Amino acid sequence: QVQLVESGGGLVQPGGSLRLSCAASGSIFSINAMGWYRQAPGKERELVARISNSGRTNYADFVKGRFTISRDNAKNTVYLQMNSLKPEDTAVYYCNLDLVTRSFDISNAWGQGTQVTVSS
């Protein structure tokens, strides 16, 4: 009932920038929080950044000062601006959404993932 469509991933050189977008649609009553996670080869999924309904943000230490999360409530969209990218940022990035559906169910949704590759 809830779909998350991610875009913006791709190949970028070290030091470059990339902007990820995640648009939510479907049976949404309200969105409590949106965030980005990533999973690199051979590693577990980890939190990158998260933003609450009040605009409070939380960042992983390894992206502080480089990444910025933001949201557009009118578009049900969350963004991740990634600057000064490093090869170790290479991973599949997943959008995550905490929401209440129009059936008043508390739900958690995941995007399909978008590949970010930082390489020369």
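Read on for an overview of the structure. None of the values given here were measured: they were computed from a predicted structure.

**Structural notes on the side chain of Asn96**
If you trace the backbone, Asn96 turns up in strand E9 (residues 91–101). A polar contact of 3.1 Å, which involves the side chain of Asn96, links it to the side chain of Asn108. Looking at Asn96, its side chain comes within polar contact range of the main-chain oxygen of Ala109, at 3.3 Å. When sequence neighbours within four positions are dropped, the list of residues in contact with Asn96 reads Ala33, Met34, Gly35, Tyr37, Arg50, Asn108, Ala109 and Trp110.

**With respect to the sheet that holds strand E8 (residues 77–82)**
Taken in spatial order, the four strands of this open sheet run E1-E3-E8-E7, and their pairing is antiparallel. Each of the sheet's edge strands pairs with one partner strand only, and the pair in question is strand E1 (2–7) and strand E7 (67–72). When strand polarity is set aside, the average angle formed by the axes of neighbouring strands in this sheet is 15°. Bridge count between E1 and strand E3 (residues 18–26): six bridges; the pairing is antiparallel. Within the sheet, the bridge partner assigned to Val5 lies in E3 and is Ala23.

**Overview of the pattern of salt bridges**
Within this structure, the stated rule accounts for five salt bridges. A salt bridge links Lys64 to Asp61; its shortest N-O distance comes to 3.4 Å. Just as Lys64 is exposed, Asp61 falls in that class too. Its salt-bridge partner being Arg66, residue Asp89 comes within 2.7 Å of it at the nearest N-O pair. Note that Asp89 is positioned in the loop between E8 and E9 and Arg66 in the loop between strand E6 (57–59) and E7, a separation of 23 residues in sequence. Judged by its relative accessible area of 10%, Arg66 falls in the buried class. Bridged by salt links that share partners, the residues Arg38, Glu46, Arg66 and Asp89 form one connected network.

Reading guide: rules and limits
- Residues numbered from 1 in each chain as written.
- Predicted model: local features only at pLDDT ≥ 70, side-chain atom pairs only at ≥ 80, totals over all residues.
- Heavy atoms only, no water.
- Helix = DSSP H or I, 4+ residues; strand = E, 2+ residues; numbered from the N terminus.
- Polar contact = N/O pair within 3.5 Å; in protein donor to acceptor, adjacent residues only side chain to side chain.
- Contact = heavy atoms within 4.5 Å.
- Pairing = 2+ DSSP bridges.
- Axes fitted to C-alpha atoms, helices over the stretch in contact; angles between N-to-C directions.
- Salt bridge = Lys/Arg side-chain N within 4 Å of Asp/Glu carboxyl O.
- Buried < 20%, exposed > 50% of the residue type's maximum accessible area, 1.4 Å probe, protein only.

Treat this as a map of the structure, not an account of what it does.
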